[in-house]
Every structure is written in structure tokens, then in C-alpha cells.
Amino acid sequence: MSTKRVKRSVVVSTLTTSFALVAAMTAILAGVITYIAWSFTFENYVRRNLQYSAEYIAQHAGAAYYSFDGWNFCSRAMIPQIAPRQDVVVQIFDSENRLIYDEGVFALPASNPYDRFELNTYGIEELSAGDENVVIAPIIVDFRQVGEVRVLPYGSAGLLTPHDLEMRTTSLIALSVAGIIAIVASTLIGIAASRRLVKPILQVTEAAQRLRDGDEDARTGLTGSGEVSQLGLVFDRMADAIQHDRERERGMMSGVAHELRTPLMGIQATVEAIEDGIYPADSKHLSIILQETKRLTQLTDSLLELSRLENDKKELSLSVIDLSDPVNAVIAVNTARIEFAGLRLEVDLEPQLMVSADAARLQQAVTNLVTNSIRYTPEGGTITVRSYAEGKWARLSVTDTGIGISEEDLGHVFNRFWRADAARDRATGGTGIGLPIAKEIIERHNGSIEVESDKDVGATFTISLPRVE
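These figures come from a predicted structure and were not determined experimentally.

Thresholds, definitions, all that
Residues numbered from 1 in each chain as written. Predicted model: local features only at pLDDT ≥ 70, side-chain atom pairs only at ≥ 80, totals over all residues. Heavy atoms only, no water. Helix = DSSP H or I, 4+ residues; strand = E, 2+ residues; numbered from the N terminus. Polar contact = N/O pair within 3.5 Å; in protein donor to acceptor, adjacent residues only side chain to side chain. Contact = heavy atoms within 4.5 Å. Pairing = 2+ DSSP bridges. Axes fitted to C-alpha atoms, helices over the stretch in contact; angles between N-to-C directions. Phe/Tyr/Trp six-rings, centres within 6.5 Å; stacked < 30°, edge-to-face > 60°. Lys NZ or Arg CZ within 6 Å of the ring centre and 35° of its normal.

*Asks:* Would you mind going over the side chain of Arg-395 in detail, with residue names and values included?
*Replies:* Among the structural elements, Arg-395 can be located in strand β9 (residues 393–400). Looking at Arg-395, its side chain comes within polar contact range of the side chain of Glu-390, at 3.1 Å. One polar contact links Arg-395 to Ser-464, side chain to side chain, over a distance of 2.4 Å. With sequence-adjacent residues up to four places away left out, Arg-395 is seen in contact with Leu-323, Leu-353, Arg-386, Ser-387, Tyr-388, Glu-390, Thr-462, Ile-463 and Ser-464.

This is the structure in C-alpha cells:
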């Protein structure tokens, strides 16, 4: 048996045992509580029945007392006709608390049937009114108490008669059988529930182990609205994000290697040609080496800048500024370059459009957008820079009439080293890092940057920043 299967079996066995124990303990606890509640209810039921019997006897004994004018042999002789219960002791006491009737010995002979029958001469044990197991009912005649009835069940089980004891035993057996059935049923249900619960948990565990071991395609495949299913969905999204980050990292490494390889090969080829005497070591060829070296420096600086921004290693120096200030600074620096490229510049900035920003960082982001437009707009084209307020947002758009971006490429615009025209961009010294840097800067300002474009028509990059009133 494999280690994975052994671990799975251990997990299932442990959880199943836990569920079974919990189910069994729950059933046992429910049974104990039910028994206590049932016992209390049953005892009250028995006491009420005895009380009803005592009151019934008291009512008819009072009628006999009234009919025969007091407690005499005739009135007492009527009491057995009341048909008292045979499983209880019934005694009647007069108003002076003397025993005048005992169901078991009333038939004993008396010297004078009409005289008071003193049962105590026969050593009868009287029922005590203070005994908690004795039920008492007063005998009322003409609104006065002429005696009382005391009732006590036979046996030594308190208020319970032999019939009650039999009923209790039968009920306890039924409760015990029901409890055993409940324990077995709850245990089986617990086992089934544990197996159902373990399966998705093991799926998540196995997917996590596979992901840890380097399987980037590891997924749980769980669906549904349950808690474990939601955990599986979150795990799958996390795995997707990790896979995406790794693919992006591999793409970045490939891009970095490719970007570094081109200038390095140029430097290497030029140096080898000079060493072999093919090229003279003059200013022309040394300038080629210098140009490629500057390209390498620019690329490494851009990568370092992007890395610092992504890892929040550089804090922003925020202050409330007019959005037009950094934009005007960018325009001032790039006006000559725009004119040299044969482009027309149009500027429409709304004054007093206040935002909370790091002026230097924001200027860097705008510079990257303007530089990008200059690079991809052919001679005779137009670059338009416009700012305006829209609700709670301050918008800044940079529009060009350049080569544009195809619809399928719009999703790659902010990827590292991506270029709309790779050959043209390298010729003009671009690194493919400018737009990702601009995106990171704007997002760190709690803003966003979007692009709209049509192939061979032009592109519009729009920055949105929260306004400050």
C-alpha cells in the first residue's frame, strides 16, 4: 500500500472515529436528559392520579357522612362501595385525627356495628400526613372539614404502585432500545458524513502537496456552496494566480535575457572585430560600444525602478498639487523632441484640478506616456494632452495618431518588454518597461490607467486619480 493511501486511510479512520464518538455521546446525553425529564413527568403524573383517587374517595366519604349523620358503622360501611383502587392503601381519619377506616381491615367484626369502630385496637399502622409519599384529600361537609383521606401505594417505591412500576420498567426498556437504535443510527450517519467531508478535504490536501512538489496544474476541481467547496475554489484561484505569476516571471526572465543579449552581442561583435583588425579602434566604433552600454544601463535602471515600485520599497512623497503642474513640466522637457520628430502638440489642461500625488513620480508616469506616443507616432502626426474633471476623478489623457494597437494586443500593453513594433522601438532605444512603470506609479496613487486604440489609427492612454476638493 502506498504512503499516500496509508495517510488517506488514517485521516478517514481518525475523522470517522471522531464523528462516531461525537454521535454516540450526543445520543447518550440526549438519552440521559430524556430519562430525567421523563422520570420527573412520570412521577408528577402518578402523584396527580393518586390525588384524583384521594379526592374521589373524599367526595363519596363525605356523602356517606352526610347521609348517616356522622362517622358511624353505617357511614363507614358505605365507603367500600366507592370501589377504591386495589394497589393503594386507603385510610380515613376523622376531624380529631383518629383512624376510622382502613381498607384492609374494615371487615373485622365489631361488638356493636353502630358504635365507633376503633381500628387502632388491632395495631393498625397509621399513614403519617408528613410522609411525602402519602397523598391527602380533605373530606368537606357543609363547608367544614369532617375528616381526611390518606392514600399510599403498596410497596417500597414511593408513590409508584406495582402497576406504575411495571409501566416504568416497560417504558425504560423502550427508551433503552430507542437509545441504542439512536446511537447506532447516529454513528452510521456520522461515519457517512465524515467520509463525505473527508473526500473534499483530501482533495485540497493532495492538490496542495502536488503544488508544493512543483505541479503547477494541480487543482482541487471542487464546486458548490459548502465551506470546504469554497475553500477549494479559493485554493484553485490561488493556484491560478501562482501559475500566472510564475509564467510572468519566466516571461520576464526570457524578456530580460533577450533584451540584454541584443546590446551585449553588439558590443561583443564590435570588440571582436576591433581585436581582429577588421574595424579600427576609432571614435565611430567606440561610440557603438558606448551606445549599447548606455542601452544596457537604461534597461537595468528601468528594471530596478520597476522592482522597487512593485515591492513598495520607495515611499511616495504625497502632497496636494495641481495636476497641470507635472504635466506642464513634462511638456516643457519634450517640446523640442516633439518638434524634432515632426509632430504637432495640442494641450488642453483644466486649471485647479487638485490631486494628492507625488509630483516627481506622477511626472515620471506622464513622461513615459508622452515618450511612448512620440516613439510610435510617424512624422506629421499629432499628440494631444488633455486633463478634465469627471465626478470624483481627475482624468488625464494622452492621445496620438500613431500606429495604434490591435484589439488582441490591448491586453498585453502593460506587460514587461511588450512592444507594438519591436524592431522600430529598439531602433529608438525603448526598453519595453516604461508603460509597466507608469501603471505601477498610478496604481500606487490609488488610481488607474486605461488604453483605447485602433490599429493604424492611434491610441489613447487615460490616467484616473482621485480628486481633492
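Additional details are given in the paragraphs that follow.
*Asks:* Explain the sheet that holds strand β3 (residues 135–141) to me, and be specific about the residues and the numbers.
*Replies:* The four strands are arranged β2-β1-β4-β3 in an open sheet whose pairing can be described as antiparallel. In the strand order of this sheet, the two ends are held by β2 (99–102) and β3, each with one partner. For this sheet, the mean angle separating the axes of adjacent strands, direction not counted, is 25°. Relative to strand β4 (residues 144–153), strand β1 (residues 88–94) runs antiparallel, the two being bridged by seven bridges. Considered in β4, the bridge of Ile-92 is made with Val-149.

*Asks:* Outline the packing of aromatic side chains, supporting the account with residue identities and numerical values.
*Replies:* Applying the stated criterion to the full structure yields one aromatic pair. Its guanidinium or amino end placed over the ring of Phe-93, Arg-150 lies 3.8 Å from that ring's centre, counting from NZ or CZ. Residue placement shows Arg-386 over the ring face of Tyr-388; its charged tip is 4.2 Å from the ring centre.

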